[in-house]
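As a plain string of letters, each chain reads:
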Amino acid sequence: MAERATTRASLTGGSAQPVTDGAPRAIVAGATGFAGALAAHLLWRNPGFQLVAVTGRSEVGRRLDDLYPRYRVPLQIEALDLEAIGAIDAAVVAYPHAAAAPTVGALRERGVRVVDLSADFRLSSLATYERWYGAHPRPDLLAQAVYGLTELHRERIATADLVANPGCYPTASLLGLAPLARAGLIADVVIDAKQGISGAGRTFDETTHQSMAGENILPYKVAEHRHTPEIEEQLAPLRAAGGARDEVAVLFQAHLVPLDQGELVDCYVTPTREVRDDELLELYVDAYRREPSVEVVAAPPGTREVQETNFCRVFAKADPHSGKVIVLSAIDNLWKGTSSQAVQNLNVMFDLPELEGLT
């Protein structure tokens with residue numbers, strides 16, 4: 001790919017996108033939601049991609065920078081018409097589960113490499129998907145999908161044509177637990193997760209339900225959260241690599257808190273043996289020393305530390321009183337939890353610098 005940067009002006013006017021000659025042509029399908037709009041913003045400022053279209057099932061004809069002024073993407077929202085859009089190389093699909101799969105299928109039939117933000121391809125087991133989500137619209141595509149937690153599956157993502165972007169809760173949970181799982185140290189785990197109201201989506205945010213989250217901590221989906229099987233499925237091979245032969249049932253509980261965006265996940269682990277703080281520090285530093293988006297920190301992290309970044313901050317502490325290990329992970333749910341991780345994956349898929357457009 002040529003390194004000389006050029007500038008492509010939007011047909012609708014406004015700021016121009018700096019792009020590299022020959023950069024892959026990309027679209028965001030579902031750009032009117034929080035995740036899709038942010039993905040469009042990050043691709044617009046990424047010189048490694050040409051963002052040629054943003055589509056939506058609502059707000060057609062409106063400019064994206066009118067709907068989301070702070071993102072300053074001066075493209076008009078279109079109805080998705082792949083014939084009209086023409087040749088494209090990459091797509092981010094930001095539709096809800098079940099609605100995403102048909103669009104992903106249509107894109108794959110045209111040879112487009114896709115990062116899907118929905119849950120449609122996160123689970124490799126069709127039976128597990130159907131138990132938690134219902135009938136799958138495109139089960140024939142499940143075998144193509146690679147789980148898109150970059151730090152765990154970078155090599156497979158690099159050659160994938162369909163990447164299933166993880167949920168935000170599994171992203172923080174798995175990055176917090178992976179070093180312990182690989183070391184065979186997880187006998188049992190309880191995950192207590194808290195997230196800003198943007199995680200509930202734009203529809204939630206614009207209704208009277210928003211008042212329920214103000215000055216309140218709101219538990220939801222008690223004992224039935226759909227991210228539970230996703231965490232379990234990804235933990236299983238990590239624990240097996242660490243010598244575990246049994247399965248572990250994850251107890252996961254989510255809460256909405258009165259923040260715009262941000263996420264803190266507290267993992268309470270029963271270890272398979274006694275673990276000391278010095279061993280934990282060595283384990284986590286060794287696991288993430290070469291990971292540009294994961295920071296192992298010496299004090300409990302807060303959500304402001306990662307706001308509007310692709311970073312996950314991880315802290316681990318042994319509790320000699322209870323015998324537990326406490327792991328805290330902080331991310332921005334819209335960034336590393338969703339959209340910036342999608343662009344991170346696209347960068348890996350197209351052999352670009354991994355954090356291009358994200359710093």
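Structural data are supplied above this passage.
Residues numbered from 1 in each chain as written. Predicted model: local features only at pLDDT ≥ 70, side-chain atom pairs only at ≥ 80, totals over all residues. Heavy atoms only, no water.

Caption draft 1: How the structure looks around the sheet that holds strand β9 (residues 162-164). Spatially, β5-β4-β3-β6-β7-β9-β8 is the arrangement adopted by the seven strands of the open sheet, whose pairing is parallel. At either end of the open sheet lies a strand with only one pairing partner, and these are β5 (77-78) and β8 (145-147). Bridge count for β8 against β9 is three bridges, and the pairing is parallel. Its bridge partner being in β9, Tyr 147 is matched across the sheet by Ala 164. Relative to strand β3 (residues 25-29), helix α1 (residues 34-44) is tilted by about 165°, and along the sheet it contacts β3, β4 (50-55) and β6 (90-93). (Pairing = 2+ DSSP bridges. Helix = DSSP H or I, 4+ residues; strand = E, 2+ residues; numbered from the N terminus. Contact = heavy atoms within 4.5 Å. Axes fitted to C-alpha atoms, helices over the stretch in contact; angles between N-to-C directions.)

Caption draft 2: Layout of the packing of aromatic side chains. Tallied over the full model, the rule gives five aromatic pairs. Judged by centre distance (6.5 Å) and plane angle (75°), the ring pair of Phe 34 and Tyr 68 falls under edge-to-face. With Phe 34 in helix α1 and Tyr 68 in the loop between α2 (64-67) and β5, the pair connects residues that are 34 residues apart, well separated along the chain. An identical accessibility class is assigned to Phe 34 and Tyr 68; each is buried. Members of the aromatic cluster, each reached through a chain of ring pairs, are Phe 34, Tyr 68 and Tyr 71. Positioned above the aromatic ring of Phe 350 is the side chain of Arg 113, whose terminal nitrogen or guanidinium carbon lies 4.9 Å from the ring centre. (Phe/Tyr/Trp six-rings, centres within 6.5 Å; stacked < 30°, edge-to-face > 60°. Buried < 20%, exposed > 50% of the residue type's maximum accessible area, 1.4 Å probe, protein only. Lys NZ or Arg CZ within 6 Å of the ring centre and 35° of its normal.)

Caption draft 3: Fine view of helix α4 (residues 100-109). With respect to burial, α4 is a largely interior element, seven of its 10 residues being buried. Those residues of α4 not exposed but buried are Ala 100, Ala 101, Thr 103, Val 104, Gly 105, Leu 107 and Arg 108. Those residues of α4 hidden inside the fold are in contact with β3, α3 (82-85), β6, β7 (113-116) and β9. Immediately downstream of α4, the backbone of Gly 111 shows phi near 80°, a positive value.

Caption draft 4: Just the pairing of strand β13 (residues 263-271), in detail. Direction of pairing for strand β10 (residues 186-196) relative to β13: antiparallel, over a ladder of nine bridges. Paired with Val 189 across the two strands is Val 269, which belongs to β13. For β13 and strand β16 (residues 324-331), the ladder comprises seven bridges, and the chain directions are antiparallel. Across the sheet, residue Cys 267 finds its bridge partner in β16, namely Val 327.

Caption draft 5: Quick peek at the sheet that holds strand β11 (residues 218-220). Taking strand neighbours across the sheet as the criterion, the seven strands line up as β11-β12-β10-β13-β16-β15-β14 in an open arrangement whose pairing is mixed. Unpaired on one side and paired on the other, β11 and β14 (294-296) mark the two borders of the sheet. Across this sheet, the average inter-strand angle for adjacent strands is 20°, counted without regard to direction.

Caption draft 6: Broad picture of the pairing of strand β15 (residues 312-319). Inspection of the sheet shows β14 paired to β15 by three bridges, in the parallel sense. Bridge assignment links Val 294 to a residue of β15, and that residue is Cys 312. Bridging between β15 and β16 involves seven bridges; their strand directions are antiparallel. Bridging across to β16, Ala 318 finds its partner in Val 325. Between the antiparallel neighbours β15 and β16 lie four residues, among them Gly 323 with a positive phi of about 80°.

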